[in-house]
Amino acid sequence: MDSLAQMDALVKEWMHAARTEIIQGFKQKIAVWTKSGRNDLVTNMDRAVEAYYVEKIHTFFPEAVVIGEECHHQQNKYQTSGWVWVIDPIDGTMNFVKQQDHFASMIGVYHNGVGVRGYIFDVMNDDLFWGGPEKGVFCNETSLQPPLDTGLRDGLIGIGMPYLVHNYRNLQQVALASSGVRIYGSAGIQIIHVLQGKCTAYVSYLRPWDFAAGKILAEALNLQVKTIDGCTLDMLSSSDVLVATKNAQKDIQSLVAPAR
């Protein structure tokens, strides 16, 4: 494996190139298909960006296993040994289609199950959040400091809409105990807000490509990334995921209802 500095340079180049294609794509008609339901969308741009990332990864890192949202069924998704790249080409596809805003592109890189690099690109704001455990976290080239360890009462919280509407594990009470709820429809954008201290926590049902990059970045900033019960996440499974300050995590755990 080449140096991490070379990896950073390559991934930044790929993500900015993908952004150019995405912006240009808005000038054309976007092809949209549904997957599991009418609100679970995939577009020609999701597939094109993922194919571009996969091609680049296999060219420069031929030993890598790639797990992607649109191609995961073609991969050995249960492999954690070696170098594993987890990609989400467009996170927040509904926003991409309906708003042409508030979506992210994400890549997480793991070695033998340990997070090495995370990249979350806020595409429309042209802000790339990237880094890792030994590097720290950056927004473009500006170093981020760990956010204040704010408790639930004094911070905003992001909650996935189905969890809030259906009161999963008493999350409506959690919402009422916070300073307010923010729902953006993109895990990448929501996690960025926790990294920046704009929200004190984010909880939702996430798949590996939704949280792989964010987990690396959040933990590098001393944030907690666990299940809602405080358990360690299985990186290749889907689960409820809580990204939070340590104090907010404690507050939320004291309010959630037992699992049924």
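Up top is the structure these notes are about.
To continue, consider the overall build of the protein chain. In terms of regular secondary structure, the protein chain is built from 8 helices and 14 strands. For a compact globule of 260 residues, the expected C-alpha radius of gyration is about 18 Å, and the protein chain comes in at 17 Å, within 12% of that figure. In terms of overall dimensions, the protein chain has C-alpha extents of about 50 × 40 × 35 Å along its principal axes. The 260 residues of the protein chain split such that 52% are buried.

Let's shift gears to the pattern of salt bridges. One pass over the full model with this rule turns up 7 salt bridges. The network of salt bridges with common partners includes Asp8, Arg117 and Glu134.

Turning our eyes to something else, we now look at the sheet that holds strand E6 (residues 114-122). Read from one edge of the open sheet, 7 strands run E3-E4-E5-E6-E7-E8-E9, paired in mixed fashion. Whereas interior strands pair on both sides, the edge strands pair on one side only; in this sheet they are strand E3 (65-68) and strand E9 (142-143). Where strand E7 (residues 127-132) lies against strand E8 (residues 136-139), 4 bridges are found, and the strand directions are antiparallel. Bridge pairing links Trp130 to Phe138 in E8. In the packing of helix H6 (residues 187-195) onto the sheet, the strands contacted are strand E4 (83-91), strand E5 (104-111), E6 and E7, and the crossing angle to E6 comes to about 105 degrees. Lying over the sheet, helix H7 (residues 208-220) contacts E3, E4, E5, E6, E7 and E8, oriented at roughly 70 degrees with respect to E5.

With that out of the way, let us pick up the sheet that holds strand E12 (residues 201-206). Hydrogen bonds along the backbone pair up the strands of a sheet, which may run parallel or antiparallel. If you walk across this open sheet you meet the 5 strands as E11-E10-E12-E14-E13, and the pairing is mixed. What marks the edges here is a single partner per strand, and that holds for strand E11 (180-182) and strand E13 (224-226). Ignoring which end each strand starts from, the neighbouring axes of this sheet average 20 degrees apart. One ladder, built from 3 bridges, connects strand E10 (residues 156-159) with E11; its direction is parallel. If you follow Gly158 over to E11, its bridge partner there is Arg182.

On to empty space enclosed by the protein. Summed over the entire model, instances satisfying the criterion amount to 1 cavity of 30 Å³ or more. For the largest cavity, the calculated volume is near 80 Å³. Considering the residues around the largest cavity, the lining is formed by Gln79, Thr80, Val84, Val86, Tyr110, Gly113, Met235 and Leu236. For the lining of the largest cavity, a count of residues per class yields 5 nonpolar, 3 polar and no charged.

With that settled, consider the packing of aromatic side chains. What the rule picks out here adds up to 10 aromatic pairs. Judged by centre distance (6.0 Å) and plane angle (40 degrees), the rings of Trp14 and Phe60 are tilted. Pair noted here: Trp14 is in helix H1 (residues 4-25) and Phe60 is in helix H2 (residues 44-60), with a separation of 46 residues, a long-range link. With a relative accessible area of 1%, Trp14 lands in the buried category. Owing to a relative accessible area of 35%, Phe60 belongs among the partly exposed residues under this scheme. Consider the rings of Phe26 and Phe103, whose centres lie 6.4 Å apart with planes at 80 degrees: the pair is edge-to-face. Here Phe103 lies in the loop between helix H3 (93-98) and E5 and Phe26 lies in the loop between H1 and strand E1 (32-34), a separation of 77 residues in the sequence. Residue classification places Phe26 among the buried positions, given a relative accessible area of 16%. By the ring-pair criterion, three or more aromatic residues cluster together here, those being Trp14, Phe60, Phe61 and Trp85. Taking NZ or CZ as reference, Lys12 lies 3.6 Å from the ring centre of Trp130, over its face.

This next bit is on the pairing of E3. Both faces of E3 are covered, namely the face carrying Val65 and Ile67 and the face carrying Val66 and Gly68. Judged from the 4 bridges that link them, E3 and E4 form a sheet pairing that is parallel. Residue pairing in the sheet places Val66 in a bridge with Trp85 of E4.

Right, let's get into the environment of Gly185. Its location among the elements puts Gly185 in the loop between E11 and H6. Counting along the chain gives 90 residues from Gly185 to Asn95, while the straight-line C-alpha distance between them is 7.0 Å. Those residues in contact with Gly185, other than ones at most four positions away along the chain, are Gly92, Asn95 and Gln190.

Conventions used here
- Residues numbered from 1 in each chain as written.
- Predicted model: local features only at pLDDT ≥ 70, side-chain atom pairs only at ≥ 80, totals over all residues.
- Heavy atoms only, no water.
- Helix = DSSP H or I, 4+ residues; strand = E, 2+ residues; numbered from the N terminus.
- Rg over C-alpha atoms; globule rule 2.2 N^0.38 Å.
- Buried < 20%, exposed > 50% of the residue type's maximum accessible area, 1.4 Å probe, protein only.
- Salt bridge = Lys/Arg side-chain N within 4 Å of Asp/Glu carboxyl O.
- Pairing = 2+ DSSP bridges.
- Contact = heavy atoms within 4.5 Å.
- Axes fitted to C-alpha atoms, helices over the stretch in contact; angles between N-to-C directions.
- 1 Å grid on protein atoms, 1.4 Å probe; cavity = no way out; pocket = protein on both sides within 12 Å on 5 of 7 lines; lining within 4 Å.
- Points joined across faces, edges and corners; volume = space filled by probe spheres on them.
- Nonpolar A, V, L, I, M, F, W, Y, C, P; charged D, E, K, R; others polar.
- Phe/Tyr/Trp six-rings, centres within 6.5 Å; stacked < 30°, edge-to-face > 60°.
- Lys NZ or Arg CZ within 6 Å of the ring centre and 35° of its normal.

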